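Results of the structural survey
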Amino acid sequence: MECEYVLKNNVLRILVPGELDHHVASQIQEETDLLVGTYFIHRIVFDFKNTEFMDSSGIGVILGRYKNMKFSGGTVEAEHVNERIRKIFAMSGMEDLIKKG
């Protein structure tokens, strides 16, 4: 399953697929940076509704988008975070940085 991107009112929603590994993380990084630069995005929402696995490259891509958005005054959020992903957020220190819905 590929990532889906929904853009509405300067908010970019990323529907993360079942596995957020190196290949998917690279895709998210490239496409998100392009969309943010083109459409002046102020908020990125990662939707983990379908996600069961995330490795360190997934953590890296989320932290990278967080740093970019913080620099430009925007925010990054995570929605539908299951227990497994929540534990990864906690172990990586991201739970204090990323808003969860």
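Structure first, text after, so check above.
Below: a short report on this structure. (Residues numbered from 1 in each chain as written. Predicted model: local features only at pLDDT ≥ 70, side-chain atom pairs only at ≥ 80, totals over all residues. Heavy atoms only, no water.)

Focus: the overall build of the protein
Helix and strand content of the protein: three helices and seven strands. Each helix and strand of the protein, ordered N terminal to C terminal, gives the series β-β-β-α-β-β-α-β-α-β. Expected size for 101 residues packed as a compact globule is a radius of gyration near 13 Å; at 12 Å, the protein falls within 12% of this value. Expressed as lengths along the three principal axes of its C-alpha atoms, the size of the protein is roughly 30 × 30 × 20 Å. The 101 residues of the protein split such that 42% are buried. In the protein, the proportion of contacts linking residues at least 24 apart, taken out of those at least 6 apart, comes to 68%. On the protein, roughly 5,800 Å² of surface is accessible, and the fraction owed to carbon and sulfur atoms is 53%. Computing the positive centroid from 12 side-chain charges and the negative centroid from 15, the protein places the two 8 Å apart. (Helix = DSSP H or I, 4+ residues; strand = E, 2+ residues; numbered from the N terminus. Rg over C-alpha atoms; globule rule 2.2 N^0.38 Å. Buried < 20%, exposed > 50% of the residue type's maximum accessible area, 1.4 Å probe, protein only. Contact = heavy atoms within 4.5 Å. Areas by Shrake-Rupley, 256 points an atom, 1.4 Å probe, with all protein chains shown as cover. Lys, Arg positive; Asp, Glu negative; His and termini not counted. Charge placed at Lys NZ, Arg CZ, Asp CG, Glu CD.)

What to know about the side chain of R65
Note that R65 resides in helix α2 (residues 56-71). When residues no more than four places from it in sequence are discounted, the contact partners of R65 are Q29, T32, D33, I44, F46 and V76.

Purely geometric numbers; function is a separate question.
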